[in-house]
There are 2 protein chains.
Amino acid sequence: MPLPSGPEIFKDSSGRPFRVVPIAGLRHPWSLALLPHGDILVTELEGRLRIIRNGALDPEPIGGVPKATTQAWRAGLMDVVLHPRYADNHFVYLTYTKAVPAPRAESARPEVRNTVALARARFAGGAALADVQDVFVSDIRCGAACASRVAFARDGTIIMTIGMPRGDAPQDPATHAGKILRLNDDGTVPADNPFVGRPGYRPEIYALGIRNAVGLFVHPETGEIWETEHGPMGGDEINIIEAGRNYGWPVISYGREYSNQPVGSGDRRLEGMEEPFLFWNPSPAVGGILIYTGDRFPDWQGNIFVGALGAGSYLGARQLHRIELTGSGNPQRAGNWTLLHELQRRIRDVKQGPDGLLYVTVDAAEGAVLRLEPVETAPPGRTSRER
Amino acid sequence: MPLPSGPEIFKDSSGRPFRVVPIAGLRHPWSLALLPHGDILVTELEGRLRIIRNGALDPEPIGGVPKATTQAWRAGLMDVVLHPRYADNHFVYLTYTKAVPAPRAESARPEVRNTVALARARFAGGAALADVQDVFVSDIRCGAACASRVAFARDGTIIMTIGMPRGDAPQDPATHAGKILRLNDDGTVPADNPFVGRPGYRPEIYALGIRNAVGLFVHPETGEIWETEHGPMGGDEINIIEAGRNYGWPVISYGREYSNQPVGSGDRRLEGMEEPFLFWNPSPAVGGILIYTGDRFPDWQGNIFVGALGAGSYLGARQLHRIELTGSGNPQRAGNWTLLHELQRRIRDVKQGPDGLLYVTVDAAEGAVLRLEPVETAPPGRTSRER
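Enquirer: Looking at this structure, I do not really get the relation of the copies chain B and chain A. What am I missing?
Expert: Put simply, the second copy of the chain is the first one after a rotation about an axis and a shift along it. Once chain B has been moved 0.0 Å along the axis and rotated by 180°, it coincides with chain A to within an RMSD of 0.0 Å. Here the transformation between the copies is reduced to the relation of a two-fold axis. The rotation axis passes nearest to the C-alpha of N281 of chain B in chain B, at a distance of 2.4 Å. When you check the interface residues of chain B against chain A, 100% turn up at the interface there too, and the contact is symmetric in its surfaces.

Rendered as structure tokens:
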């Protein structure tokens, strides 16, 4: 069905109604950041940073954005995140695919001249970014879709994912490929990172053994770092990332190689490696992740929301998953409800606004930002809302 | 949404339209068998065998059906299958949960007084079965939902599943629990069964290491035996059953125990045990299985159809899966489309009629048999169908 052109009532797979409000039409929107006063920054994968001002998309992209390489259909301008003290310092962070002048001499694929970088800039609501600076440029060379997300940990450091869907590099501590990094807000290395001073380890590394991490969320109450990543065929995962841990790719996995051969060791559990919190088979091609903590959807508090991108032929693809953990916290007993199934669109990002509402990006050539709102119903026998 | 009360157009998740025709309303229909002249036999789990004659449900259940024990909500009268030479011999087979007079002395749970049996009878279209006889009574004692399906192999032998969702018995060759059996059409043991004469093995055993096998299909062209089974949490499977093989339960599995502990060895692959052809996580609680070979849905030829029962909170539950294998036959690259998602009902059985149409049982207190038909569309610019 077409994307809604005005507010429309949908139901999730449990029959619960909610309202979908289209906010803006965009081209391959990847991520969004909600500014304190209600404006919304949105990245478009092809390299544009857009802004929705007072509910309307500014037709002019924001100026000063670093040039993102967009040769691969999933590479380009990716995440946009505000500094936790944005109101004071107006710092905005962007992750993007960056051309590098020359390949590394030792590169197995010298034709690959792209890496992933983190830029910081000041943005106070005007027409352009100011003080734009790459605060961190990774050492990877990526010829495919190497996703990169950032989020601020509660201690003010930056958690950054460096996806690497191919090869064994996620186990190699001498490269950023397939890792979760931890950086200071100026891109430098925190002295208390788990591998600082260990020979052969990049000091930025916080956790290893990551495939293509497409979602990242720091829980505002617990501080836990939640991550989603794509498996190959099968084995999409949710992980809770802890310092110094190894999440196993490509040694252990619940998925299989595209050749249908087992991954790595063929095992799914090995001493010293972490199993996922949750995995899927077949893979819906997960997107962004969020744990809802607002008060506008009281029944959804503590639910995990995960976007799903994959081809519509994959079970669970192209919708928004709502994962409801049971009282025991046993993830395998979680309910897995879905929203927006009717749209059959790639749901890339999901964010909670300061208003307690949910915002998603629909990643398509004719994509959109949608807001999800509760449908308030008056109690029986009353004519006005009294809550 | 309510079940359709008349023919209604649905679309599958790929947008392909098809017509759903309600054939009859039934109470917990489990399995159905299509008689040569278009009548349909349907088992109701609570112990009734019903017949749809000339498109209308006979209000009187068929007489002479062996008494099925229905103490557990998923136990009772289960499968109904015609003999391959039904037109000549009018043999009908039923699987059911049968009370046994006394527990086995060695039973760990002496209060459990039910087993699974296979009855054979003659039915030529009248009001009752004739010559009803238990041709095989298994040695299991089942206090839960031990599913049992039967299908005729191309050599005329009976393949019979004996589900056992609890305990280690599926690895014990001295019991029928958690096995695929092979029987002659009179219930005796074929001399060429794989374990005949091997000490400690029940001679009926064809394959071991099965959990709760809820679906069974013999491919009419290849003779392959396709089976679906329930994992615990995660790990629902499709297997292709071969003589003498061990399918691993409860030693290897992609699922987890309800306690969230790993199953058995914690491995998913071990020498001498078979991995599934396909598995799911989370588990949709699969139902019956069919590979479509008719000509009424040309695009669906070779597709695997699998019903899904589970609670609506589980991804993929309560609908009919259509699994489209790619040219390479790589199951992990299969498309997984779904049908009847809108109904949110337990789809228990799926069968192909002699008319090339699909028939499903909707397992609910107010359940149904539905027929799926193609929607013929006239070519553009023509007013009549010319194909």
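Enquirer: Which parts of the structure should I look at to understand the sheet that holds strand 8 (residues 91-99) of chain B?
Expert: Paired through backbone hydrogen bonds, the strands of a sheet run either parallel or antiparallel to each other. Residues and elements named next belong to chain B. Taken in spatial order, the four strands line up as 7-8-9-10 in an open sheet, and their pairing is antiparallel. Edge positions in the sheet fall to strand 7 (77-82) and strand 10 (130-137), since each of these pairs with one other strand and no more. The average angle at which neighbouring strand axes cross in this sheet is 25°, direction not considered.

Enquirer: Help me out: how do you make sense of the packing of aromatic side chains in this one?
Expert: Each aromatic ring pair is described using two quantities: the centre-to-centre distance and the angle formed by the ring planes. Scanning the entire structure with this criterion turns up 21 aromatic pairs over all chains. Ring geometry for Y292 of chain B versus F297 of chain B: centroids 5.7 Å apart, planes at 70°, classification edge-to-face. Residue classification places Y292 of chain B among the buried residues on the basis of a relative accessible area of 1%. On the basis of relative accessibility, which here comes to 6%, the residue F297 of chain B falls in the buried class. Site record: aromatic cluster; members linked through ring pairs are F10, F18, Y292, F297, W300 and F305 of chain A. Cation over ring: R198 of chain B sits above Y201 of chain B, and NZ or CZ is 5.0 Å from the ring centre. Directly above the aromatic system of W249 of chain B lies the positively charged group of R211 of chain B, at a separation of 5.1 Å from the ring centroid.

Enquirer: Help me understand the interface of chain B and chain A, please; the structure alone is not making it clear to me.
Expert: Interface size is often expressed as the accessible area that is lost when the parts come together. Across the contact, 38 residues belong to chain B and 38 residues belong to chain A. Both sides of the chain B and chain A interface together cover about 3,200 Å² of buried area, and 46% of this is carbon and sulfur. Summed over the shared surface of chain B and chain A, the number is two salt bridges. Here R256 of chain A makes a salt bridge to E275 of chain B, at a shortest N to O gap of 2.8 Å. Linking chain B to chain A there are 13 residue pairs in polar contact (both at pLDDT 80 or more).

Enquirer: Teacher, can you tell me more about the state of the cysteines here?
Expert: In protein chemistry, a disulfide is the covalent bond that joins the sulfur atoms of two cysteines. Residues and elements named next belong to chain A. Using the criterion set out here, one finds two disulfides over all chains in the structure. Here C142 engages in a disulfide with C146; their sulfurs sit 1.6 Å apart. Judged by the torsion about the S-S bond (85°), the C142/C146 disulfide is right-handed. Overall, C142 belongs to the buried group, its relative accessible area being 5%. Look at C146 and you get buried, because its relative accessible area is 4%.

Rules and cut-offs
Numbers given for residues are sequential positions, taken from 1 along each chain in its written order. Each chain gets a letter, beginning with A, and each ligand a number, beginning with 1, in the order they are written. With pLDDT at 70 or above as the cut-off, local features in this predicted model cover only qualifying residues; side-chain atom pairs require 80 or more to be listed or tallied, and sums for whole chains, interfaces and linings still use all residues. Side-chain figures throughout are based on the complete set of non-hydrogen atoms in the structure, without hydrogens or water. Copy-to-copy alignment: least squares on C-alpha atoms, limited to residues at pLDDT 70 or above in both. The contact criterion used is simple: two residues touch if any of their non-hydrogen atoms lie within 4.5 Å. At least two DSSP bridges between two strands are required for those strands to pair. For helices the rule is a DSSP run of H or I covering at least 4 residues; for strands it is a run of E covering at least 2, with both sets numbered from the N terminus onward. Every axis corresponds to a line fitted to the C-alpha atoms, with the helix fit spanning only the stretch in contact, and the corresponding angles, defined between N-to-C directions, vary from 0 to 180 degrees. Put simply, two rings from Phe, Tyr or Trp (the six-membered ring, in Trp's case) pair if the centres are within 6.5 Å, and we call them stacked under 30 degrees between planes, edge-to-face over 60, tilted for the rest. Only protein chains enter the accessibility calculation, which uses a 1.4 Å probe; a residue is then buried when its area is under 20% of its type maximum, exposed when over 50%, and partly exposed in between. Whether a charge sits over a ring depends on NZ of Lys or CZ of Arg being within 6 Å of the ring centre and within 35 degrees of the ring normal. A simple way to read buried area is as the amount of 1.4 Å-probe accessible surface that goes missing from two parts once joined, with both sides added. Salt bridges are identified by distance alone: a Lys or Arg side-chain nitrogen within 4 Å of an Asp or Glu carboxyl oxygen. Think of a polar contact as two N or O atoms within 3.5 Å of one another; within protein, one of them needs to be a possible hydrogen donor and the other a possible acceptor, and neighboring residues in sequence only count if both atoms come from side chains. By disulfide we mean two sulfur atoms from cysteines, separated by a distance within 2.5 Å.

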